[in-house]
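# Survey of secondary and tertiary structure
Spelled out, the chains give:
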Amino acid sequence: MRENLCYTVKKEKYAMFVTFEGSEGVGKSTQLRLLKEYLLRTGQDAVYIREPGSTEISEKIRAIILDKSNSAMSYVTEAMLYAASRAQLVGEVIKPALKEGKLVICDRYIDSSVAYQGYGRGLGADVVKKINAYAIDGCMPDVTVFLDLPPKSNWRGERRADRIEEQPDDFFERVYKGYLDEIALSPSRFVCIKPDLDKLVTSENIIDALRQRGAIR
Ligand code: TYD
């Protein structure tokens, strides 16, 4: 089942590539932390990464992308910078880890680009997928956990917004719609979880779903 998803990587039997997606403020970071705690408790190793970033070069690209003073950045430049950060991460970390049979867990990946740049910025899903095809070189996730909450207008809180977070609410409405459209196109890759008020319940739901998919034990 897995071979065709990552066809340029000769993966070891147990290699699994799991990504997390969702709108801002849905509790993604908390859920990633709870999953990590579960995996540590149960003696399961994983490589934990986030996008954009997670290599020295990708972190430098991240700083350029999110820098609020780069207000003149074109949407195409933005999409290509996310893809450049991703290309470095795929080559330097994701593919080598999968090749060694490791579990890779990534906070955001190509679906974020499709949702944010394709739908949010309006570049279109096809353009963004084309830009990313070369960057990911066939390395698609085996499972993508989507934390399914529509954008709330109160997520911004006290945090100083970065260049993406300072976008108006309708941008995030389009992003959310983008996710739903992409999920409808490849439903088998996605695990959609509606966050519960109790974050531990949400975590259990995620863990159960990933166990059922054979991504974790
Ligand atoms: P981050 O602080 O990591 O946000 P979050 O905690 O929500 O993941 O900043 C990453 C921002 O970049 C976030 O607003 C989503 C956005 N993004 C894109 O627009 N396109 C992408 O391809 C990726 C990976 C992220």
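For the structure given in this document, a descriptive report is provided here. (Residues numbered from 1 in each chain as written. Predicted model: local features only at pLDDT ≥ 70, side-chain atom pairs only at ≥ 80, totals over all residues. Heavy atoms only, no water.)

### A word on helix 4 (residues 110-120)
Our working definition: Using a 1.4 Å probe on the protein chains alone, a residue whose accessible area is under 20% of its type maximum counts as buried, one over 50% counts as exposed, and one in between counts as partly exposed. Strands here are runs of E lasting at least two residues and helices are runs of H or I lasting at least four, both read from the DSSP assignment and numbered beginning at the N terminus. In what follows, residue pairs with any heavy atoms lying within 4.5 Å of each other are defined as contacts.
The element helix 4 is extensively covered by neighbouring structure, given that 10 of its 11 residues are classed as buried. Where helix 4 is concerned, the buried positions are Ile110, Asp111, Ser112, Ser113, Val114, Ala115, Tyr116, Gln117, Gly118 and Gly120. Of the surrounding elements, those touching the buried residues of helix 4 are strand 1 (16-22), helix 3 (75-99), helix 5 (125-136), strand 4 (143-147), helix 6 (169-185) and strand 5 (190-193). Two residues or fewer after helix 4 comes Gly122, characterised by a positive phi angle close to 85 degrees.

### Regarding the environment of Phe20
Assignment of secondary structure puts Phe20 in strand 1. A C-alpha to C-alpha distance of 9.3 Å links Phe20 and Asp111, two positions 91 residues apart in sequence. Leaving out residues up to four positions away in the same chain, Phe20 has contacts with Lys28, Gln31, Leu32, Leu35, Ile105, Cys106, Asp107, Arg108, Val145 and Ile206.

### Details of the sheet that holds strand 1
In plain terms, the rule: At least two bridges found by DSSP between two strands are what make those strands a pair. Axis definition: a line fit to C-alpha positions, over the contact stretch in the case of helices; interaxial angles, taken between N-to-C directions, run 0 to 180 degrees.
Strand order in the open sheet formed by 5 strands is 2-3-1-4-5, with parallel pairing between adjacent strands. Two strands close off the open sheet at either side, each with one partner strand: strand 2 (47-50) and strand 5. When strand polarity is set aside, the average angle formed by the axes of neighbouring strands in this sheet is 20 degrees. Both strand 1 and strand 3 (residues 103-107) contribute to a ladder of 5 bridges, which runs parallel. Bridged to Val18 within strand 3 is Ile105.

### Notes on helix 3
Here is the rule: The length a helix should cover is 1.5 Å for every residue beyond the first. One axis is fitted to the seven residues ending at the residue and one to the seven starting there. The bend at that residue is the angle between these axes.
Helix length check: helix 3, at 25 residues, gives a terminal C-alpha distance of 34 Å against a target of 36 Å (1.5 Å per residue), a fit within 8%. The principal kink in helix 3, of about 50 degrees, is found at Val90. Directly beyond the C-terminal end of helix 3, a positive phi value near 85 degrees is found at Gly101.

### Things to note about the pairing of strand 1
Regular strands place side chains that alternate from one sheet face to the opposite one. Within strand 1, 7 of the 7 residues are buried, which leaves the element mostly enclosed by the surrounding structure. Of the two faces of strand 1, the one lined by Met16, Val18, Phe20 and Gly22 and the one lined by Phe17, Thr19 and Glu21 are each fully buried.

### A short note on the pairing of strand 2
Going residue by residue along strand 2, you find Val47 and Ile49 tucked away on one face and Tyr48 and Arg50 left uncovered on the opposite face. Here strand 2 pairs with strand 3 via 4 bridges, running parallel. Residue pairing across strands places Val47 opposite Val104, the latter belonging to strand 3.

### Description of the side chain of Ser113
You can see Ser113 is positioned in helix 4. Beyond its immediate stretch of four places on either side in the chain, Ser113 contacts Tyr82, Arg86, Gly118, Val128 and Asn132.

### Comments concerning the site of the ligand
Counted only if it meets this: Near residues are defined by distance, with any heavy atom within 4 Å of the molecule or strand qualifying the residue. Side-chain atoms alone can form a polar contact between residues adjacent in sequence; in general such a contact is a pair of N or O atoms within 3.5 Å, and within protein one must be able to donate a hydrogen while the other accepts it. Where accessible areas are quoted, they stem from the Shrake-Rupley method and a 1.4 Å probe; at the residue level, only the protein chains shown are allowed to cover. Following the grouping adopted for this structure description, the nonpolar residues are Ala, Val, Leu, Ile, Met, Phe, Trp, Tyr, Cys and Pro, the charged ones are Asp, Glu, Lys and Arg, and the polar ones are all others, Gly among them.
In the vicinity of the ligand, 15 residues are found, and the nearest of them are Glu24, Tyr82, Arg108, Ser113 and Gln117. Arg86 has a polar side-chain atom sitting 2.9 Å from an oxygen atom of the ligand. One nitrogen or oxygen atom from the side chain of Ser113 is found 2.5 Å from an oxygen atom belonging to the ligand. Bound to the protein, the ligand loses 92% of the 540 Å² it would expose on its own. Elements supplying a minimum of two residues to the shell around the ligand: helix 2 (56-66), helix 3 and helix 4. For the shell around the ligand, the leading source of residues is helix 4, giving 4 residues. Its residues assigned to classes, the shell around the ligand comprises 5 nonpolar, 3 polar and 7 charged.

Function cannot be read off these values alone, since they describe shape.
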